[in-house]
Structure formats: C-alpha cells, structure tokens
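Next come the chains, spelled out residue by residue.
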Amino acid sequence: MSKYTKADILRLVEEDDVKFIRLQFTDMNGQLKNVAITESQIEKALDNKIMFDGSSIEGFVGIEQSDMYLYPDLDSFVIFPWRPQQGKVARLICDVYKPDGTPFEGDPRYILKKELAKAEKMGYTMNVGPECEFFLFQTDDNGKPTTITHDEGGYFDLAPIDMGENCRREICQTLESMGFEIEASHHEVAQGQHEIDFKYEEALKCADDIMTFKLVVKTIAQKHGLHATFMAKPLYGINGSGMHTNMSLMKGGQNAFYDPDGKDGLSEAAYSYIAGLLKHVKSTAAITNPTVNSYKRLVPGYEAPCYIAWSASNRSALIRIPASRGMGTRVELRCPDPTCNPYLALAAVLAAGLDGIKQNLKPADSVDVSIFSLTPQQRQSYGIDSLPGTLESAIKEMCADAVVKDVLGEHILARYAEAKLSEWDRYRTKVTQWELDEYLTKY
C-alpha cells in the first residue's frame, strides 16, 4: 500500500519549504544519477513528464533513441537533512520509461521489479538485509582521497582507537532521520574499515536503501574531511569490504524458509533456494562482484568466501544460515561486495534461488569445518568448487547461464558484458607498479 499520494507530495514540498527536488535513478554500473528540478516543476515531475538524455548514461541507449522519461516513486520522497534547512532539498527515486510509456528494459530497478513479479506469481515476497562495509581514508591538501587510514582500530574497537566513531555516529543519525532503522554500527576488522547494518526490508525498498546509504556515507564522510569508499579491496594485505546479503522469502505472511520440524529448522523451500544459489553462484558473480578489484577480495586468508559451499553455522562457507529461527530464518550469501548494483544483484540471486525451488534442487551436505584450513585434496573430497578467480572468468560464466541471461534481458546482458570485458582488457594491458618492482631490474 502506498504511503504518499501526488497531493501529499505537493503539500510536503510547500509546507517544508522544499526548493529543489533531485529525481534519482541508477545506471547499469550501480552509479546514482539525478536530474534536479525546482519546486515550480514538481507537478510536471509527478505527472511523469520530466525527460532526460538516455544516450549520456552508460548502458542505456544510443543517440538515435535518446529521450527517456522519469517516473517518480512517490513513497521514496525524503528531504536531505544535510542540506540547508531554508530552501530544502528533497529527492524522489524514479523508474525509467520510454517515450511510448513502457518501462525501459535497461533500467536496473525495472530488472528487479520484473524478477519480484515472478516471485509473486509463485506466492513469494523477498526480504533482504544487507551488511554494508566501507573504508574511511584521509584526504590530501587538495581534498583528494588517499589510502591512508586515520585509525589503528580492529574489530569492535572503540574510541580513541576507533577514530571514525564520530563520523559513523553522524552517518547513523542522518540515516535514522531519513527513515532508516539502524540495527548496529561498529569498527570492522581492518584499519579504517566500518560497518553499519540497517533493518531488512522488502527487496525493492532494500535496493533503494542501499543506494541512499552509499550517498549518505560518502556525504557525511566528506563533511568530516574524510573519503568513504565501497571499493572491495582498497589495501593489500588486509581484509576487503563485503556486503553480506541476508535473504528470506515470505509466503502467506509466514517465513517460507522456516520449518520447525525440518532439519536444522529449515523448510524444503529453503534447501532448494540454497541449492539454486550454489548452482548459479559462478554465473551471478559478475553481478554481485562486478569489478576487477572484486576478485582481489575473494582470496583465501582474509575471511572472504571463495569456495562454493554452505553451512548452518560456519562463516568460512559461501552461504551461511544464521542461528535465528522462526520469522528470523534467513540465508546469508557472503560473496557480494558493495560495488555491486543492488537492483541487478538482488534480481540475479533471487532468480537463482527461485530456480532451485522450481527445479526442486537439493544442496550437497552442509560443510561444518573451516574450509580455509582444508587442503585442496580435502576440498575435492567434499566436492567444494571455487568462485571465478577473475572478472573475465565471471563474465564468461554469466554469459553461459540461461537463468542469469533471462534475468538481465538482452539489452543489459549485451551492454554489461561489453563494458565489463572492456574493463578487464584495460586492466589486463596496464603495466602496474608491481610489475616494474618485480621485473625492471631483474631482466
């Protein structure tokens, strides 16, 4: 049920002295974009008449078919608390439509909506709770980011060791003023690394919240003279940043993953969902872990999952089932990182899990030992495979999987694969400092 009507938005703009409204949308690569309008244009925006040039957005359309329209989601209206309180700035998250009034097939938000509609036909709604990690770095005299952390903190440390505490607190307060329910915030394992967890939501709202979360974190960090980055592995030799993704399916108001009489309290649907994730995880990796740098996080020794297995408790597994049962029963996929486009990532993993349910797949046995401590021969005896080791390998897996290809559709699939292979090629042909240090004097 909708929270706001068109009349509500017009009233809020007038009563709260809103002077600018940012009409936000997300591109293929998960970058937040916007068209800003003044309050005089708000009625036009609410009538879905604000147009923009889609040919300027990577992955959208060519110059010969560039006109796109923004259709605001009224329930996404929120005022930015960090902007001036006289002449306020608000935002509306938008869907992208074509001039003929149909949804644009290259809009990531539409991709997720389409997959959620498939789940609804099966009787399911999807809830998601992300665990977003990020680094705070110092900036130089010109305000440019460095890779120098401003603390020596570790897991759950507090001030004065955790120098990011004040910044993190203001981030939490800002998010709460925008309607988030913050469940926890803390210093992470690596120096300068932080995590803020917010309450689960239905999948579309959660994807919207992830995009808002990133904007708030970067904005408040900048206010503190810091640079926040969601890059998966910004520093060699320490842990990278993940976005563990907790998922559950609801059916008839009940958690479809919970069965008090099932093994480990899990339903048959939960086991099939796990099996679907495991079956397609190599193919979804290019979406959940979308950069060259993502695969430098997914290596042994830094707590990030790189082996394809599941466990009812073991944190070294790719998929973990947290201890909570009843309505809190959920599946935690631990490989995604926060550089992913949340709309595409949630659509892909939902499709993988639903395929497991449709096919009535069964997962292999739970692996309840530390996978990181196993030898290659022992992993082989357990039947444990590995995630792709590079972005190039992940793209090849994605393009060979009919389920993932169907989720993305022809438009996004072609453009996404092209863009990511180009990214890989730029990396592959670049001469790095490591190569110079290793080879310049040796040969």
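Thresholds, definitions, all that
- Residues numbered from 1 in each chain as written.
- Predicted model: local features only at pLDDT ≥ 70, side-chain atom pairs only at ≥ 80, totals over all residues.
- Heavy atoms only, no water.
- Helix = DSSP H or I, 4+ residues; strand = E, 2+ residues; numbered from the N terminus.
- Rg over C-alpha atoms; globule rule 2.2 N^0.38 Å.
- Buried < 20%, exposed > 50% of the residue type's maximum accessible area, 1.4 Å probe, protein only.
- Contact = heavy atoms within 4.5 Å.
- Arc of directions from axis to C-beta.
- Polar contact = N/O pair within 3.5 Å; in protein donor to acceptor, adjacent residues only side chain to side chain.
- Salt bridge = Lys/Arg side-chain N within 4 Å of Asp/Glu carboxyl O.
- Pairing = 2+ DSSP bridges.
- pLDDT = per-residue confidence, 0-100.
- Axes fitted to C-alpha atoms, helices over the stretch in contact; angles between N-to-C directions.
- Parallel < 35°, antiparallel > 145°, perpendicular 65-115°, else oblique.
- Left-handed = near helix turned anticlockwise from the far one by under 90°.
- Patch = residues over 30% accessible without salt bridge, like charges linked within 9 Å, V, L, I, M, F, W, Y side chains within 5 Å.
- Areas by Shrake-Rupley, 256 points an atom, 1.4 Å probe, with all protein chains shown as cover.
- Phe/Tyr/Trp six-rings, centres within 6.5 Å; stacked < 30°, edge-to-face > 60°.
- Lys NZ or Arg CZ within 6 Å of the ring centre and 35° of its normal.

Helix and strand counts for the chain stand at 12 helices and 19 strands. A compact globule built from 443 residues would reach a C-alpha radius of gyration of about 22 Å, and the chain, at 22 Å, matches this within 12%. Each of the three principal axes of the chain carries a C-alpha extent, and together these read 70 × 60 × 45 Å. Across the 443 residues in the chain, those meeting the buried criterion constitute 54%. The long-range share in the chain, meaning contacts at least 24 apart out of those at least 6 apart in sequence, stands at 69%.

Now for the environment of Pro 260. Within the secondary structure layout, Pro 260 lies in the loop between β14 (254-255) and α6 (268-288). Look at Pro 260 and you get exposed, because its relative accessible area is 57%.

Another point: helix α10 (residues 391-399). Residues of α10 that are buried include every one of Leu 391, Ala 394, Ile 395 and Met 398, and no others. Down the axis, α10 shows its buried residues gathered within 100° of arc, on one side only. Structurally, α10 contributes buried residues whose contacts are with α6, α7 (294-297) and α11 (402-428).

Before going further, it helps to examine the side chain of Asn 341. Position of Asn 341 among the secondary structure elements: in the loop between β18 (331-333) and α8 (342-358). Asn 341 gets classed as buried once you look at its relative accessible area, which sits at 4%. Only 3.2 Å separates the side chain of Asn 341 from the backbone oxygen of Met 28, close enough to count as a polar contact. If we ignore the near neighbours within four places in the chain, the residues touching Asn 341 are Thr 26, Asp 27, Met 28, Asn 29, Gly 30 and Pro 108.

Turning our attention to the pattern of salt bridges. This model, assessed by the stated rule, comprises 24 salt bridges. With its nearest N and O atoms 2.8 Å apart, the salt bridge here joins Arg 109 to Asp 208. Note that Arg 109 is positioned in helix α3 (residues 108-121) and Asp 208 in helix α5 (residues 203-223), a separation of 99 residues in sequence. Each of Asp 73, Asp 95, Arg 109, Lys 113 and Asp 208 takes part in salt bridges that share partners, so that together they form one network.

Let us now look at the pairing of strand β7 (residues 125-139). Each regular strand displays side chains that alternate between the two surfaces of the sheet. Most of β7 is tucked away: 12 of the 15 residues are buried. Inspection of the sheet shows β7 paired to strand β13 (residues 243-251) by 8 bridges, in the antiparallel sense. Paired with Glu 131 across the strands is His 244, a residue of β13. Direction of pairing for β7 relative to strand β11 (residues 201-202): antiparallel, over a ladder of 2 bridges. Bridging across to β11, Val 128 finds its partner in Glu 201. Examined bridge by bridge, β7 and strand β10 (residues 193-198) share 5 bridges and lie antiparallel to one another.

Close inspection of predicted coordinates is inappropriate for parts of the model with low pLDDT. Taken over all residues, the pLDDT of the chain has a mean of 90, while the share at 70 or more is 95%. Per-element confidence in the chain ranges from a low mean pLDDT of 84 for strand β9 (residues 182-187) to a high of 98 for α8.

Here the focus is the packing of α6 against α11. The packing of two helices is summarised by the inter-axis angle and the distance between the axes. Where α6 contacts α11, the two axes come as close as 12 Å, and the packing angle between them is 30°. Taken together, the axis directions place α6 and α11 in an arrangement best described as roughly parallel. Note on packing geometry: the crossing formed by α6 with α11 is left-handed. Residues His 280, Ser 283, Thr 284, Ala 286 and Ile 287 of α6 form the contact with α11, whose participating residues are Val 403, Val 404, Leu 408 and Tyr 416.

Turning next to a nonpolar patch on the surface. A surface patch of nonpolar side chains, amounting to about 290 Å² of accessible area, comprises Val 431, Leu 436 and Leu 440. Here Leu 436 lies in helix α12 (residues 433-439). Judged by its relative accessible area of 36%, Leu 436 is partly exposed.

This part covers the packing of aromatic side chains. Any pair of aromatic rings gets described here by the distance separating the centres and the angle formed by the planes. Scanning the model with the defined rule gives 16 aromatic pairs in all. On the numbers, 4.6 Å between centres and 15° between planes, the contact of Phe 80 with Trp 82 is stacked. According to the relative accessible area criterion, Phe 80 is buried, its value standing at 3%. The rings of Phe 134, Phe 180, Phe 198, Phe 213 and Phe 230 are connected pair by pair, giving a single aromatic cluster. For the cation-ring pair, Lys 251 lies above Tyr 124, with the distance from its terminal atom to the ring centre recorded as 4.7 Å.

The residue Asn 48 is not glycine, and still its phi comes out positive at about 65°. Position of Asn 48 among the secondary structure elements: in the loop between α2 (42-46) and β3 (50-53). Residue Asn 48 is classed as partly exposed on the basis of its relative accessible area, which comes to 25%. Even without being a glycine, Asp 264 presents a positive backbone phi close to 60°. Tracing the backbone shows Asp 264 in the loop between β14 and α6.

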